[in-house]
Amino acid sequence: MTEQQERSRFHKAVDSTLSGLQGDPFLYQRIVAHTEKGAPTMKHGKLMKSLMIVLIAILGMSTVAVAAGVFGGTVNWNGDVIYDERPESAYPTMAPEMLDEQADYLTRLADWTAELTNDGELLVIYEMQEDGSFAPSTSNSLSRTTTNLATFRALLEGAENMPLPAFIPDGYEFVQGEVRYTCRAGGAWRLSNQMMLEEGVKAEWYQLDAADALICGYQMFFRDSPEDYHYLSISADLMELRDVSDQSFGFTEEETVQVVTVPGMDNAMAITSDHHCMLSMRRVLEEPIQRLHFRSGDWQEARTYGEVNIDVHAPLLDVDTLIRMFASE
């Protein structure tokens, strides 16, 4: 089961719970960052289990309540069904003492991240291993956040590979935007500060010089009401070029999956239900982009972006509207 598939399944499973929360509109994305970005060798099952623990700790939910009714199947960009068998247990239960121990630590990680994250800096939190070395336990992306739409657009100026919507449906007002950055090839992540958080746990902060900063993604969040489901979320990310037959999307038993056409995009997939509407799109870049991927302070590697992926979530809108938002004539 692919990482994209796991993320898609779980995102939709908790979507109804997060949609009515006030405060940080990127709560789901930040929780994912706590458990995912700093753990490149973590297997998908462990990733999702950790994500589940954090959600339990923050939202006070049970594994059964979140996982119930999640699985329907998986489909690739071409509309081919990859997997359609319902597993006996998508999320195995954990021993209570293990759940409590991991939930406590991951909750502390979430608290540290919320407290120590600075706009324009990459925060990495490391945990000491049995051999005395430090491995990244969590990290978040270097990003800049704003609640002003004009400022958000200014931050994205010059990012030709970041498709923006041609319009926003009537009634939806901008709440918050986040622009994410990585390091250009030939640049360097610069250590700006470090400190011990507790015995066996340390934090490091990294910055990028303006010439080295490469915009690699964004998130926009709109609302037309504080009520549940009254939101519009748009995200775009540069990705490594992948085979469309291998990329897969998870869907629930209640959802309809259809391949759609969006002018200007190479592939597009819509997943809808009575209370959910998601449009995912991809476009191959005209020229690949080289970057320096951050793993840890002493482990960085050259990688290449080859495509851009865009996801739009809008429970109360329809697919045709989402398509028109991004269709380039």
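The rules behind the values
Residues numbered from 1 in each chain as written. Predicted model: local features only at pLDDT ≥ 70, side-chain atom pairs only at ≥ 80, totals over all residues. Heavy atoms only, no water. Pairing = 2+ DSSP bridges. Helix = DSSP H or I, 4+ residues; strand = E, 2+ residues; numbered from the N terminus. Salt bridge = Lys/Arg side-chain N within 4 Å of Asp/Glu carboxyl O. Buried < 20%, exposed > 50% of the residue type's maximum accessible area, 1.4 Å probe, protein only. Core = buried A, V, L, I, M, F, W, Y, C linked by side-chain atoms within 4.5 Å. Contact = heavy atoms within 4.5 Å. Polar contact = N/O pair within 3.5 Å; in protein donor to acceptor, adjacent residues only side chain to side chain.

Trainee: Even after reading the chapter, I still don't get the pairing of strand β15 (residues 299-313), so can you show me in this structure?
Mentor: Successive side chains on a regular strand alternate, one facing one side of the sheet and the next facing the other. Strand direction decides the pairing type here: strand β10 (residues 231-239) and β15, joined by seven bridges, are antiparallel. By the bridge assignment for β15, Ser 235 is matched with Asp 311. As defined by bridge partners, strand β14 (residues 276-296) adjoins β15 across 14 bridges and the pair is classed as antiparallel. Bridge pairing links Arg 282 to Asn 309 in β15.

Trainee: What am I meant to see in the pattern of salt bridges here?
Mentor: Two side chains that carry opposite charge are able to pair once their charged atoms sit near each other. In the structure shown here, the tally under the stated rule is 10 salt bridges. Residues Arg 190 and Asp 209 are paired through a salt bridge, measuring 2.8 Å at the closest nitrogen-oxygen approach. With a gap of 19 residues between them, Arg 190 in strand β7 (residues 190-198) and Asp 209 in the loop between β8 (201-207) and β9 (213-223) connect regions that are remote in the sequence. Ionic pairing is found between Glu 301 and Arg 303, a salt bridge with its closest N-O pair at 3.2 Å. Salt bridges sharing partners connect three or more residues here, namely Glu 240, Arg 291, Glu 301 and Arg 303.

Trainee: Even after reading the chapter, I still don't get the environment of Leu 122, so can you show me in this structure?
Mentor: Here Leu 122 is to be found in strand β3 (residues 122-128). Sequence-wise, Leu 122 and Tyr 206 are 84 residues apart; in three dimensions their C-alpha atoms are separated by 4.9 Å.

Trainee: Is there a simple way to think about the pairing of β14 in this case?
Mentor: Of all 21 residues in β14, 15 are buried; the element is thus mostly enclosed. Where strand β6 (residues 173-184) and β14 come together, two bridges link them in antiparallel fashion. Its bridge partner lying in β14, Arg 184 is registered against Arg 291. Bridge analysis of strand β13 (residues 267-273) against β14 gives seven bridges, and the strand direction is antiparallel. Each bridged residue has a counterpart across the sheet, and for Ala 268 the counterpart in β14 is Met 281. Between β13 and β14, which follow one another and run antiparallel, lie two residues. Hairpin connection between β14 and β15: a loop of two residues separates the two successive antiparallel strands.

Trainee: Looking at this model, I keep getting lost on the nonpolar core. Mind explaining?
Mentor: For soluble globular proteins, nonpolar side chains are generally found buried alongside one another. In terms of nonpolar packing, the biggest core is built from 49 residues, with Ile 234, Leu 279 and Phe 326 touching the most fellow members. Taken together, the elements giving at least two residues each to this core come down to β3, β6, β9, β10, β13, β14, β15 and α7 (319-326). Top contributing element to this core by residue count: β14, with seven residues. Apart from the residues lying within four places of it in its own chain, the contact partners of Leu 279 are Val 260, Val 262, Ala 268, Met 269, Ala 270, Ile 310, Asp 311, Val 312, Leu 322 and Ile 323.

Trainee: I'm lost on the environment of Trp 189 in this one. Help?
Mentor: Examined against the element boundaries, Trp 189 turns out to sit in the loop between β6 and β7. According to the relative accessible area criterion, Trp 189 is buried, its value standing at 10%. Sequence separation between Trp 189 and Leu 292 is 103 residues; the distance between their C-alpha atoms is 8.5 Å. Dropping the residues within four chain positions of it, Trp 189 is found in contact with Leu 122, Leu 142, Tyr 181, Thr 182, Cys 183, Tyr 206, Gln 207, Leu 208, Leu 292, Phe 294 and Gln 300. A polar side-chain atom of Trp 189 sits 3.2 Å from the main-chain carbonyl oxygen of Leu 292.

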